[in-house]
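# Chain and residue survey
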Amino acid sequence: MQEIRWKVNTMKPSADENLGIMSVAEGRKARAFHESFPQYEVTPLTHLPHMAENLGLKDLYIKDESYRFGLNAFKVLGGSYSMAKFVAQRLGIDVSELNYDKFVSPELREQFGQATFFTATDGNHGRGVAWAAARLGQKAIIFMPKGTTQTRLENIQKEGAQVTIEDLNYDDCVRKAVAEAAKVPNGVVVQDTAWDGYEDIPSWIMQGYGTLMLEAIDQLHQVAPTHVFVQAGVGSFAGMVQGMVTAAWGENRPKVIVAEALIADCLYRSARSKEGDAIAVGGDLQTVMAGLACGEPNPLGWEVLRNCATQFVSCQDAVAALGMRVLGNPAGQDPRVISGESGAVGLGLLAAIHFHPQREALMHKLKLDSDSVVLVISTEGDTDVKHYREVVWEGKHPVAL
C-alpha cells in the first residue's frame, strides 16, 4: 500500500468558535426551502453492517447523494439556496418567504429582473447552478478547468447554460468567472470559496449544503456517530459538515476526518503549517477526484476545520478508486452504492486503512475499533459513467499492495 499522508489536528478543539454561518437554525431555513421543491426527497442513509464487520467497526452508514434532485450529486443544494438568498436579498425579504413555487414564478422573475450567474466548476456545482438558473428564468455561464471530460460538460449544457472548458486549472477558472461577471450588467458570481469582499454567497452555499447533514442527523435518530469521514476540495462542504455536527452535538460531536486528493491537498498542507494559515496548492491539479481538484482553501470553511477537525488525510487516486470498487461490490448482503470518484474517497480511505501494512497503528491513531460507528458521505454517483466503468469494471487506478 502506498504511503498515506496524515496530519493530526493539534489545535485546541472548540465547540463554539466561528460557527455562526453554520447554525442549526440557518440549516433549517435551507432545508425548508429545499423541501418545497417537487423533486425533493430525503436521500438514503444506507446501512452497511457486513462491511463494518469486515473493516473492524461496530457500524457503518453512508449518505448516498446520487439520488439528489435527479442530478446525481449534492452540489445543487448549495447553488440553489445561495441563489434564493441572493434573490431574497435583492427583493428585501427573508429567504423563508421564498419557496419553490415563488422562486420559479413569472411574478418573481419580473420583480427580480434579469441576471447572469457565473461560476467555475469541475462538474457538479456548475450543473446545480445551471439547473437553478434555468428554473428562475436566468442566464448561467460556466467555466470548467482543463482535463474536464466531455460527459461533465454535456451534463451542464443539458441544463441550458453556456459552458466552456478552459486551458486553466480550477482556481484560475474561478478568477476568470469573477473577471467576466464584472463585464456584464447584473453579473453575479456563485462560487463556494470566499475572499475579501466576497463572503455572503459562499456562506449561503455552505448553509445550503446543511440540508444534507440535517437529514443525516434525523436518519441517525439524533445519535452522534463516533466518526465522520468527509471529502474536501476548497473545504466548504467539509466545513459545513464540521460546523453542523459541532452545532448539533457540541463536545459530544464525532471525530471528523477530512480526506483530500493528493495533488490538491490544500487543507492538509494548511493543517501542517506552523501558524495554521491557509496554504494554496498550484499546478494543473489533475486527479480522478475532479470535484476535489481545488488548490485554494475557502477561508470560511478552513476556519471551522482548523479549530475543530480531528485529522487531515492526503489520498492518492487509488484510494478513491478503491472506494468506488468496494461500494460497487459490497460485503455480504449489504446494498450496492454507486459512488463516483470524489464521492468514494471517504470509504476508500477506510478500506485503504484496512489493507494497509500499518493498519493497527492507523486504526489506533484514528481511535477506530469495534465500538466505532462511522458515517461516510458519498457526494456523487457515476457523474462520468465511462470513467466509473473503467475504474469498477476494468480496474483502472489499482491499489499498490
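Values in this document were obtained by computation on a predicted structure and should not be read as measured data.

### Details of the sheet that holds strand E7 (residues 187-189)
Here we have 4 strands laid out as an open sheet, ordered E6-E5-E4-E7, and parallel in their pairing. Strand pairing shows two members of the sheet lacking a second neighbour, strand E6 (162-165) and E7, which therefore form its edges. Adjacent strand axes in the sheet meet at a mean angle of 20 degrees, parallel and antiparallel pairs treated alike. Relative to strand E5 (residues 139-144), strand E4 (residues 116-120) runs parallel, the two sharing 5 bridges. From the neighbouring strand, Thr 119 faces E5, where its bridge partner is Ile 142.

### Observations concerning the pairing of E5
The element E5 is extensively covered by neighbouring structure, given that 5 of its 6 residues are classed as buried. What joins E4 to E5 is helix H6 (residues 124-136), and the crossover it makes is right-handed. Crossover connection from E5 via helix H7 (residues 150-157) to parallel E6: handedness right-handed.

### Points about the pattern of salt bridges
For the coordinates displayed, the defined rule picks out 18 salt bridges. The salt bridge partner of Lys 29 is Asp 94, with a shortest N-O separation of 3.2 Å. In this pair, Lys 29 sits in helix H1 (residues 24-35) while Asp 94 sits in the loop between helix H3 (76-91) and helix H4 (100-103), placing the two residues 65 residues apart along the sequence. What makes Lys 29 partly exposed here is its relative accessible area of 30%. Residues Arg 306 and Glu 303 are paired through a salt bridge, measuring 2.9 Å at the closest nitrogen-oxygen approach.

### Side note on the pairing of strand E8 (residues 227-231)
Across the 5 residues of E8, 5 count as buried, placing the element largely inside the fold. Covered by surrounding structure in E8 are His 227, Phe 229 and Gln 231 together with Val 228 and Val 230, the residues of both alternating faces. For E8 and strand E9 (residues 255-261), the ladder comprises 5 bridges, and the chain directions are parallel. Note that in E9 the partner of Val 230 across the bridge is Val 258. For the crossover that starts at E8, traverses helix H10 (residues 236-249) and ends in the parallel E9, the hand is right-handed.

### With respect to the nonpolar core
The biggest cluster of nonpolar side chains holds 93 residues, and the ones touching the most others in it are Phe 103, Phe 117, Met 213, Phe 237, Val 258 and Phe 312. Element by element, the count of residues in this core is highest for helix H9 (residues 200-219), at 9 residues. Other than its neighbours up to four places away in sequence, Phe 117 contacts Met 83, Phe 86, Phe 112, Val 129, Ala 133, Gln 138, Lys 139, Ala 140, Ile 141, Val 188 and Val 190. Counting residues in each nonpolar core, the second largest holds 41 residues, with Ile 4, Val 288, Ala 320 and Tyr 388 among its members.

### So, the packing of helix H13 (residues 317-328) against helix H14 (residues 345-355)
Where H13 contacts H14, the axes come no closer than 7 Å and their chain directions differ by 95 degrees. With respect to each other, H13 and H14 are oriented roughly perpendicular. Only Val 345, Leu 347, Gly 348, Leu 349, Ala 351, Ala 352 and Phe 355 of H14 make contact with H13, whose side of the interface consists of Val 319, Ala 320, Leu 322, Gly 323, Val 326 and Leu 327.

### Describing unusual backbone geometry
Unlike most non-glycine residues, Asn 186 shows phi in positive territory, near 55 degrees. With respect to the secondary-structure elements, Asn 186 resides in the loop between helix H8 (170-181) and E7. The class of Asn 186 is partly exposed, set by a relative accessible area of 40%. The phi dihedral of Lys 367 falls on the positive side, at around 60 degrees, and the residue is not glycine. Positionally, Lys 367 belongs in the loop between helix H15 (359-366) and strand E11 (373-378).

### Here we look at the packing of aromatic side chains
By convention here, two paired aromatic rings are described through the distance between centres and the angle between planes. In total, this model carries 15 aromatic pairs according to the counting rule given. Where Phe 69 meets Trp 131, the ring centres are 5.6 Å apart and the plane angle is 20 degrees; that geometry is what we call stacked. One end of the pair, Phe 69, is in the loop between strand E3 (59-64) and H3; the other, Trp 131, is in helix H6, and 62 residues separate them in sequence. Of the two residues, Phe 69 and Trp 131, neither departs from the other in class, the shared state being buried. A connected cluster of aromatic rings, assembled from ring pairs, spans Phe 33, Phe 37, Tyr 40, Phe 69, Tyr 81, Tyr 100, Phe 103 and Trp 131. Across the ring face of Phe 143, the terminal group of Lys 176 is positioned such that the distance to the ring centre comes to 5.4 Å.

Here is what the cut-offs are and how they apply
- Starting afresh in each chain, residues are numbered from 1 along the sequence in its written order.
- Residues qualify for local features only when their pLDDT is at least 70, as the model is predicted, and side-chain atom pairs are given and counted only at 80 or more; totals for whole chains, interfaces and linings, by contrast, use all residues.
- Hydrogen atoms and water are omitted, and side-chain values are computed over all heavy atoms in the structure.
- Two strands make a pair as long as DSSP finds a minimum of two bridges between them.
- A run of DSSP states H or I qualifies as a helix once it reaches four residues; a run of E qualifies as a strand once it reaches two. Both are numbered from the N-terminal end.
- Axis geometry follows a simple rule: fit a line to the C-alpha atoms, using only the stretch in contact for helices, then measure angles between N-to-C directions, giving values from 0 to 180 degrees.
- Think of it in three bands: residues with accessible area under 20% of the maximum for their type are buried, residues over 50% are exposed, and the middle band is partly exposed, with areas taken using a 1.4 Å probe on protein chains only.
- When the strands point away from the viewer, a crossover counts as right-handed if the path from the first strand over the helix to the second runs clockwise.
- When a carboxyl oxygen of Asp or Glu is within 4 Å of a side-chain nitrogen of Lys or Arg, the pair counts as a salt bridge.
- Definition of nonpolar core: a set of buried residues of the types Ala, Val, Leu, Ile, Met, Phe, Trp, Tyr and Cys, connected through side-chain atoms within 4.5 Å.
- The contact definition used throughout considers only heavy atoms, calling two residues in contact when any of these lie within 4.5 Å.
- Note on angle classes: values under 35 degrees are labelled roughly parallel, values over 145 roughly antiparallel, values of 65 to 115 roughly perpendicular, and the remainder oblique.
- Two aromatic rings, drawn from Phe, Tyr or Trp (for Trp, its six-membered ring), form a pair once their centres lie within 6.5 Å of each other, and the interplanar angle then sorts them: stacked below 30 degrees, edge-to-face above 60, tilted otherwise.
- Whether a charge sits over a ring depends on NZ of Lys or CZ of Arg being within 6 Å of the ring centre and within 35 degrees of the ring normal.

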